[in-house]
Amino acid sequence: MITQLFWAFVALSALLAVKNWRLGLALIIVVGTLQDPVRKMTPGAPAFMVLSFFPVWIGLMIGIISSHEWPWRSFGTLHPIIQSRIRFFGAAMALATVIVFQYGFAAWKVAAIGLFTYTVPLMTLMAGFAYARSRVDVSRLIMFYCLITAVMLVGGVMEVLNLFPQWKALGTEAMGMHWVRYVSYGHTIDLIAGFYRSPDIMGWHAATLSIFSLTLALYGKAGPRWFWLGLAVWGAFCVFISGRNKMISMTVVWVIVVALLHIYIGRAGRVVTLALAGGILAFSVLMISGKLNLNSDYDLYASQLVGGSTIMERINRSGTGSVAETFRQSGFFGKGIGTAAQGIQYLGLPIKRSWQEGGAAKILVELGVTGFIAAILVAWATARATLLTIRYSRSKGTLSPLQLGLAAYIPANIANFIISQQAYSDGLIMVVVATALGMMLSSPYWLQLQRQDT
């Protein structure tokens, strides 16, 4: 019954997205949030349900194109260099699509998966660019995501406290998985997924909740700052119990980048505020852990977070070394688009899938050197445009903490993607990151409309 009601909601959401594509973005968040617990409560936990968001996304694309609001021309006017780099990246995708057919015509399934994982974020970027018309639009969508995610993360605490152990919506037992982290000899902790389908997915959403909540707290016009700081603490604790260090790194990178951006614009005093917020988050997580009487293995795990490998060390291990080995295995042109995607081993094709945990290596194996260089050029052009946009907004007196928070959110995700790319095949994650990037790149438009906050 629950599954049928869910699919009815998906169909209704898709129709509403065609009628109102801006509403469609919010509906994708709802559908993407519900799809994991519904999947786990569906007999057999069918894998195709990870695509539940796709009908709504198609409706959104139809809606934005039919309303004549597709922003490719205005995007090119504001960011011509990024646009040209995206064209180059598209050409690399086309070449990689041709290459994958070396495995025969049946490889069209692999090509479809690969095109899906690259096309969805690129097109959603345009939707995010067109969506934001004011600060209210931006803060409202971020608030909506935060409130839904905060409720969803309750499942993580329910699982770690072993409440309702027979409920299939919690954990990963419904999919025949049990995730364990080895802390040290004789010490392990269970990785927690809550209502999500994996600890990686829960950890990513918890980290994003912390980042967006801190952004809203800095913004100060979306309600009481203490409320958003409380949600940031809640997100940080859920990252901790998920057991995924890389998601903790994601939040740390965001704090560092926001601090550097404030120094860049001459607001070094805000760095003290950020440092205090970071201290509050860390102290609160340890305090909540103690109140919930988590076992001593969690204390050992927490101590390793302080003394473990640095973020840059992990990025380096997943970056340079992994890319060099992938080039040795796959050659200049790579193996073709989609060949490093999860699940292709079940398609019965003669593709020897190598394990590519780092995102940079995945791009290289799928798109070859041409696509890898194109991705770097897109990232570099985006970074340059971000700094120019922030400098421009500062000179016009329209700079907003929303802009700075979104600007830092992108490198936080890039760092996380370089370390491990598995979570970024999730539809909702692709949509959230691409929408955030699109809203940030459109900020010169929506910041000029309202000049009241700085």
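Heads up: the structure comes first, above all this text.
Worth saying up front: this structure is predicted, and the values here are computed from it rather than measured.

1. Looking at the overall build of the protein
Broken down by element type, the protein carries 18 helices and two strands. Looking at the protein as a whole, 56% of its 454 residues are labelled buried. Look at the contacts in the protein between residues 6 or more apart in sequence, and 80% of them connect residues 24 or more apart. Carbon and sulfur atoms make up 68% of the accessible area of the protein, which totals about 19600 Å².

2. A few points about the packing of helix α3 (residues 54–66) against helix α6 (residues 108–131)
Helix-helix packing is described using two parameters, namely the angle between the two axes and the distance between the axes. At their nearest, the axes of α3 and α6 sit 11 Å apart, and the two run at 45° to each other. As summarised for this structure, α3 and α6 are arranged oblique, according to the angle between their axes. For α3 against α6, the interelement crossing comes out left-handed. Note on element contacts: α6 touches α3 through Phe116, Val120, Met123, Thr124, Ala127 and Ala130, opposite Phe54, Trp57, Leu60, Met61 and Ile64. Here the contact of α3 with α6 is composed, by residue class, of ten nonpolar, one polar and no charged.

3. Looking at the pattern of salt bridges
In this structure the tally under the stated criterion is six salt bridges. Here Asp137 and Arg133 are joined by a salt bridge, their closest N and O atoms 3.8 Å apart. For Arg133, a relative accessible area of 47% gives the class partly exposed. Put simply, Asp426 and Arg197 hold a salt bridge, and the shortest N to O gap is 2.8 Å. In this pair, Asp426 is assigned in the loop between α16 (401–419) and α17 (427–441) and Arg197 in the loop between β2 (187–190) and α9 (199–219), connecting sequence segments 229 residues apart. Across the pair, exposure class does not vary: Asp426 and Arg197 are buried alike. Taken together, the salt bridges that share partners define one network made up of Asp36, Arg197 and Asp426.

4. What about the nonpolar core?
The biggest cluster of nonpolar side chains holds 114 residues, and the ones touching the most others in it are Trp204, Phe212, Trp254, Tyr409 and Leu441. Of the residues forming this core, the biggest block, 13 residues, is contributed by α9. When neighbours within four sequence positions are excluded, Trp254 is seen to be in contact with Ile211, Leu214, Thr215, Leu218, Gly405, Ala408, Tyr409 and Ala412. In this structure, Tyr118, Ala360, Phe372 and Ala374 belong to the second largest nonpolar core, which totals 18 residues.

5. Brief notes about unusual backbone geometry
Of note in the backbone geometry, Ala45 takes a positive phi value of approximately 40° without being a glycine. The residue Asn162 is not glycine, and still its phi comes out positive at about 60°. Using a relative accessible area of 54% as the deciding quantity, one classes Asn162 as exposed.

6. Focus: helix α10 (residues 225–242)
Between the first and last C-alpha of α10 there are 26 Å, a value that for 18 residues agrees with the 26 Å anticipated at 1.5 Å per step. Along α10, the positions that sit buried rather than exposed are Trp228, Leu231, Ala232, Val233, Gly235, Ala236, Phe237, Cys238, Val239, Phe240, Ile241 and Ser242. Note on α10: the residue one or two positions beyond its end, Gly243, has a positive phi of about 80°.

7. A word on a nonpolar patch on the surface
A contiguous nonpolar surface patch, about 540 Å² in accessible area, is contributed by Ile2, Met41, Leu161, Leu163, Phe164 and Trp167. Here Phe164 shows up in the loop between α8 (154–160) and β1 (180–184). For Phe164, a relative accessible area of 55% gives the class exposed.

8. Section: the packing of α9 against α17
At a minimum axis distance of 11 Å, the contact between α9 and α17 shows a crossing angle of 25°. One way to sum up the angle between α9 and α17 is to call them roughly parallel. As α9 packs across α17, the resulting crossing turns out to be left-handed. Seen from α9, the contacting residues are Ile201, Trp204, His205 and Phe212; seen from α17, they are Leu428, Ile429, Val432 and Val433. Here the residues of the contact of α9 with α17 are counted per class, giving seven nonpolar, one polar and no charged.

Conventions used here
The numbers attached to residues start from 1 for each chain and follow its sequence in the written order. For a predicted model such as this one, the threshold for reporting local features is a pLDDT of at least 70, and the threshold for listing and counting side-chain atom pairs is 80 or more; totals across whole chains, interfaces and linings nevertheless cover every residue. Based on all heavy atoms of the structure, the side-chain values leave hydrogens and waters out of the count. Runs of E in the DSSP output that reach at least two residues are strands. Runs of H or I that reach at least four are helices, and both are numbered from the N terminus. Per-residue accessibility, obtained with a 1.4 Å probe over protein chains only, is compared with the maximum for each type, and a residue is labelled buried under 20%, exposed over 50%, and partly exposed between these values. Between two residues, a contact is recorded if the distance between any of their heavy atoms is within 4.5 Å. Using the Shrake-Rupley algorithm and a 1.4 Å probe, accessible areas are obtained, with residue cover drawn only from the displayed protein chains. To get an axis, a line is fitted to the C-alpha atoms, and for a helix only the part in contact is used. The angle between two axes follows their N-to-C directions and goes from 0 to 180 degrees. By definition in this entry, angles of less than 35 degrees are roughly parallel, angles greater than 145 are roughly antiparallel, angles of 65 to 115 are roughly perpendicular, and the rest are oblique. Definitions for this section: a left-handed crossing has its near helix turned counterclockwise from the far helix by less than a right angle. A right-handed crossing has that turn clockwise. Classification convention: Asp, Glu, Lys, Arg as charged; Ala, Val, Leu, Ile, Met, Phe, Trp, Tyr, Cys, Pro as nonpolar; all other residues, Gly among them, as polar. The rule for a salt bridge is simple: a side-chain nitrogen of Lys or Arg has to be within 4 Å of a carboxyl oxygen of Asp or Glu. Take the buried Ala, Val, Leu, Ile, Met, Phe, Trp, Tyr and Cys residues and link them wherever side-chain atoms come within 4.5 Å; each set so joined is a nonpolar core. The span one expects for a helix is its residue count, reduced by one, times 1.5 Å. Like-charged residues within 9 Å of one another, or nonpolar side chains (Val, Leu, Ile, Met, Phe, Trp, Tyr) within 5 Å, are grouped into patches, provided each residue has over 30% relative accessible area and no salt bridge.

Read these as layout, nothing more, since geometry by itself doesn't imply function.
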